[in-house]
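The primary structure of each chain is shown beneath.
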Amino acid sequence: MAKNRTGSIVRTVGVVTFIAVAGASPVFAQTSDEAQTSPQAPLQAQAGRTATFDIPAQPLAQALTAFGRQSGMQIAVDSAAVAGKTSGAVSGSMTSEQALRQLLTGSGLSFQFTSATAVTVSGPPAAAGVPGASAVQLDPVRVQATTTPSQGEIGNQSPAYAGGQVARGGKVGLLGNRDYMDTPFSETTYTNQYMQNQQARTLTDVLAGDPTVRSGIPNGNVFDDRVVIRGVQIFNTNYGFGGLYGIVPNQADMTGIERVEVFRGPTAFLNGALPSAVGGTINLVPKRATDAPITQVTALYNSDAQFGGMADVGRRFGPDNEIGLRAGATYYSGDTAVNNQAAERLALTLGFDYRSDRTRIDADIGFLRRDVQAFQGGIFLAAGQQLPPPPYARQSSYQPWERLQANDVYGALRFEHDIVEGLTGFIKAGARRSNYTSVFFNQNIVNWGGNTTILSAGQFMSTSEALSLEAGVRGKFHTGPVKHEAAFVTDYLKTQNFTFNNPLGTTLNSNIYNPTFIQQPSFFGFRTQPPPLTSDSVYTSIGMVDAVSFNNEMFQVIAGARFQRLQTANYSIVTGLPTNGNDQSVLSPSASFVFKPAKEFMFYGNYIQALQQGPIAPAGVLNAGTQFAPFVTNQFELGVKLDFGFIGATISAFQLTLPSSYTDVATNTFVTNGQQRNQGIEFVAFGEPMPGLRLLGGFTVLNATMLNTAGGLTNGNQAVGTTPFQASLGLDWDTPWVKGVGVLGRVVYNGPVYINAANTQQAPAWTRFDAGLRYTFDRTDGKPVSLRANVINLFDTNYWVATSSFFVQNQPRTFMLSLTADF
């Protein structure tokens, strides 16, 4: 499989260096009782350097990776010697030698400091010279003069899991970065390696294979990245960027993104008050410069005739590489796989970071511009009608002059300082400004034959602004045998929405199978000045948490509370004066536990209560932009996690409650009616069950039921936009016959979805197959070249995508090609 080749080259050089100096280095042999040492003076300083370690019990290879990250050292290891071995937990302030002794106790392995910043771990000294023994340098390959303490966030990234498609952990709100086996919630972190091999260019692409996530709009429509998690629709305004929420563009481009963290379940306690993150949320982790210079250029092609390219450049500066810059750019334009549709995209990102002994700073700025002709908006179904079969996905029933134009500017600044050992303070600030204009015809299907009328039409103008702030302290300490991981955090998020709809009085009778195209109507007299303020919201919160662990972290109890206040106001587009609003606050408790009876098994449970902002009526309805009242949501969850080193899994059972909301087609208004109770089971598996074969898949079973509806008319019905079952399975295989060749395939299943509260109108189930092929080889100068070819919707299946009361056509078969070269 094509991995980070720059890192591979550094690893190879490091291994050669370690082997060359091994004979002159002291060996620390680990016996069943204790290590026997014979240190030499030049290396005593390194062996005796004190650092703070927090390494849970886990497979030994991963534990050594964590040791390298926390000590700031390069680790070379005999891969055969550590296979199948596990480590004990290491926690507290100690020397590197002491930490290694604890990690290797009972393993029969030895270690030797080969330089001031490197150590080699191998089999017993007698076996060290056995022919065929192999040394493999573990990540991280980056050596810094300083390291991030375990309670810090900046530069403290979890290592990849076996297979490299997902990471071992990610950011868990105010708890900071945690390994998935120490996290009492369900989450998945997708790596850059996974995104590259999938040719994921947007967030929708990344999430296409997640068995717990349903994308609301196919990528070809490029409206936004709305998803459904645990039966709840979530929008980009609830996504995070570097741990700051509310500042992600309306559609997230993967330029400059290193990882994507998917968190399932309500997150207000962990991440602060958000517009609506009941079902879960997503955090984008920006790229950072590595010690090895990065210069990577990619040529792109998408069917039918989209061409473009990407560039990724990273450098570090200063005597200790303390300053880093990482720049990214993507551009492509041309005809998409949908007839009459063309799209253009430009994404630019720049990341900066600084590291010193006790202070870390990083910053990002990004720009995204999108222009889509024949933009595909939502389709509705008239009351009393059954949904007809979908048309050929390549055929568009949308007018060629329908258009979406959007641009986003966003940025973030994070500051982190180690106040004393074990205590870190941090301040974060971020902002976003998004503008988009869409010319739309919302079609309304009126019979089984696919005839349509226009439900609503117009030019919708929108500007949204967000300011996100966070400050707090996070620390780790012990009270006797009990370990504490505590945090105190304050959050502030202000959002303003400016919207205006220039209605079009044009009428049109058409058909989804045989559409009628008309000339673009006149926009004479339309509003041209910026849209007026329609809603204003301020979300503030103060949160405290303490994660207590004992008995070698076999037991963990996490408890805390967050005070949340939501202030919202709606404004008249005519007078500019407030029309209504809300000011509501609540103290939300949360409690969770972790029980690890063995290193490979973990049981967890959690209860979260959160105050959430009510939904905002979408574009195209009569009350578009209206902000609904806040509500309190509750979640109960129990789960089991597995970690066998080569394969991991999470299975969870949950229940959450929230108001039921949808678009009433009869009145073309967005309404809330009653309560929605979602009960479900999720299963996610990942890893490398066989050498070269990577697995990622699972399923979700969901019972989303409507309760307490008006007059009880729809009590017990399946909630609008939810499906009782969804599943996906992806395999990625490095073929053993031809070096550098990889094959991947994916199948995605989505069950039936009701699109009205009465459960009389249904979008059928569908299954889609995707496939890919890649070939990586080294040029004569040793630099890698990777050729990738992917096909989305391999068999060109036609289906409706429905996650609410409206639906859209699926993405047709789309070919994606890329040629990537490192320089």
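Keep in mind that this is a model prediction, so the values were computed, not measured. (Residues numbered from 1 in each chain as written. Predicted model: local features only at pLDDT ≥ 70, side-chain atom pairs only at ≥ 80, totals over all residues. Heavy atoms only, no water.)

Novice: Please give an account of the overall build of the protein chain that cites residues and values.
Specialist: When its secondary structure is counted, the protein chain shows eight helices and 46 strands. Of all intrachain contacts in the protein chain linking residues separated by at least 6 positions in sequence, the fraction that spans at least 24 positions is 68%. Of the roughly 29800 Å² that the protein chain leaves accessible, carbon and sulfur atoms contribute 61%. (Helix = DSSP H or I, 4+ residues; strand = E, 2+ residues; numbered from the N terminus. Contact = heavy atoms within 4.5 Å. Areas by Shrake-Rupley, 256 points an atom, 1.4 Å probe, with all protein chains shown as cover.)

Novice: Kindly report on the side chain of Thr 212, identifying the contributing residues and their values.
Specialist: As for its placement among the helices and strands, Thr 212 is situated in the loop between α7 (203-206) and β12 (213-215). Classification of Thr 212 by relative accessible area gives buried; the value is 1%. Within the structure, Thr 212 has its side chain in polar contact with the side chain of Asp 210 (distance 2.6 Å). A distance of 2.6 Å separates polar atoms of two side chains, one belonging to Thr 212 and the other to Arg 264. Residues in contact with Thr 212, not counting those within four places in the same chain, are Val 228, Ile 229, Arg 230, Arg 264, Glu 682, Val 684, Thr 700 and Gln 726. (Buried < 20%, exposed > 50% of the residue type's maximum accessible area, 1.4 Å probe, protein only. Polar contact = N/O pair within 3.5 Å; in protein donor to acceptor, adjacent residues only side chain to side chain.)

Novice: How would you summarise helix α5 (residues 96-104) if you had to cite specific residues and measurements?
Specialist: Counting buried residues in α5 gives seven out of nine residues, a clear majority hidden from the surface. Here α5 has its buried residues at Ser 96, Glu 97, Ala 99, Leu 100, Arg 101, Leu 103 and Leu 104. Gly 106, located one to two residues past α5, shows a positive phi value of around 80°.

Novice: Account for unusual backbone geometry, naming residues and giving values.
Specialist: Of all residues except glycine, most have a negative phi; of all peptide bonds, most are trans. Cis rather than trans, the peptide bond between Ser 303 and Asp 304 has omega equal to 5°. For Arg 230, which is not glycine, the phi torsion reads 55° and is therefore positive. Locating Arg 230 in the fold gives a position in the loop between β13 (227-229) and β14 (232-234). Residue classification places Arg 230 among the buried positions, given a relative accessible area of 2%.

Novice: Talk me through the packing of aromatic side chains; I want residue IDs and the actual numbers.
Specialist: Here the structure, examined in full by the defined rule, presents 24 aromatic pairs. Their ring planes at 75° and their centres at 5.5 Å tell us that Phe 769 and Phe 795 sit as a pair that is edge-to-face. A residue pair is termed long-range when its members are at least 10 positions apart, and Phe 769 in strand β42 (residues 766-778) and Phe 795 in the loop between β43 (784-792) and β44 (800-802) qualify at 26 residues. Using a relative accessible area of 36% as the deciding quantity, one classes Phe 769 as partly exposed. On the accessibility criterion, Phe 795 (56% relative accessible area) is exposed. One aromatic cluster is present, built from ring pairs that chain together Phe 550, Phe 555, Phe 595 and Phe 603. In this structure, Lys 641 packs its charged tip against the face of Tyr 604, placed 5.2 Å from the ring centre. (Phe/Tyr/Trp six-rings, centres within 6.5 Å; stacked < 30°, edge-to-face > 60°. Lys NZ or Arg CZ within 6 Å of the ring centre and 35° of its normal.)

Novice: Any chance you could break down the pairing of strand β19 (residues 294-302) for me, citing the residues and the numbers?
Specialist: Here β19 lies mainly inside the structure; seven of its nine residues are buried. Bridge count for β19 against strand β20 (residues 304-317) is nine bridges, and the pairing is antiparallel. Across the sheet, the residue bridging to Ala 299 is Gly 309, located in β20. Here β19 pairs with strand β46 (residues 814-822) via seven bridges, running antiparallel. Bridge pairing in β46 places Tyr 301 opposite Leu 817. (Pairing = 2+ DSSP bridges.)

Novice: Could you give an account of the packing of helix α3 (residues 60-71) against α5, with specific residues and numbers?
Specialist: Close contact between α3 and α5 brings their axes to 11 Å; oriented N to C, the two are set at 170°. Taken together, the axes of α3 and α5 are roughly antiparallel relative to one another. Along its contact with α3, which presents Leu 60, Ala 63, Leu 64, Phe 67 and Ser 71, the element α5 presents Ser 96, Ala 99, Leu 100, Leu 103 and Leu 104. Its residues assigned to classes, the contact of α3 with α5 comprises eight nonpolar, two polar and no charged. (Axes fitted to C-alpha atoms, helices over the stretch in contact; angles between N-to-C directions. Parallel < 35°, antiparallel > 145°, perpendicular 65-115°, else oblique. Nonpolar A, V, L, I, M, F, W, Y, C, P; charged D, E, K, R; others polar.)

Novice: Which residues make up the environment of Gly 560, and what values go with them?
Specialist: Counting through the fold element by element, Gly 560 comes out in strand β31 (residues 555-571). Considering only alpha carbons, one finds Gly 560 and Ser 588, 28 residues apart in sequence, at a separation of 8.7 Å. For Gly 560, the contacting residues outside a window of four places in its chain are Phe 269, Met 544, Val 545, Ser 588, Pro 589 and Ser 590.

Novice: Account for the sheet that holds β13, naming residues and giving values.
Specialist: Read from one edge to the other, the open sheet built from three strands follows the order β12-β13-β14, with strand pairing classed as antiparallel. Looking at strand neighbours, the two that pair on one side only are β12 and β14, the edges of this open sheet. With strand direction ignored, the average angle separating the axes of adjacent strands in the sheet is 30°. Relative to β14, β13 runs antiparallel, the two being bridged by three bridges. Across the sheet, residue Val 228 finds its bridge partner in β14, namely Gln 233.

Novice: An account of the pattern of salt bridges is requested, with residue identities and associated values reported.
Specialist: Overall, the coordinates contain 41 salt bridges when judged by the stated rule. Taking the shortest distance from any N to any O, the salt bridge between Glu 344 and Arg 369 comes out at 3.5 Å. Within this pair, whereas Glu 344 is found in strand β22 (residues 342-355), its partner Arg 369 is found in strand β23 (residues 359-373), the two being separated by 25 residues in sequence. Given a relative accessible area of 26%, Glu 344 falls into the partly exposed group. Taking relative accessible area as the criterion, Arg 369 reaches 32% and is therefore assigned partly exposed. A salt bridge links Asp 418 to Arg 360; its shortest N-O distance comes to 2.7 Å. (Salt bridge = Lys/Arg side-chain N within 4 Å of Asp/Glu carboxyl O.)

Novice: Please give an account of the nonpolar core that cites residues and values.
Specialist: Tyr 190, Leu 203, Leu 207, Met 254, Val 260, Ile 282 and Leu 284 are the most contacted members of the largest nonpolar core, which totals 36 residues. For this core, the secondary-structure elements that each account for two or more residues are α6 (192-198), α7, β13, β17 (257-264), β18 (280-286), β25 (403-420), β33 (601-612) and β36 (669-690). By residue number, the principal contributor to this core is β17, which donates three residues. Contact partners of Tyr 190, with chain neighbours within four places excluded, come to Gln 165, Val 166, Met 195, Val 206, Leu 207, Asp 210, Glu 258, Arg 259, Val 260, Val 262 and Leu 696. Counting 24 residues, the second-largest nonpolar core is a separate cluster that includes Val 77, Val 82, Val 90 and Phe 113. (Core = buried A, V, L, I, M, F, W, Y, C linked by side-chain atoms within 4.5 Å.)

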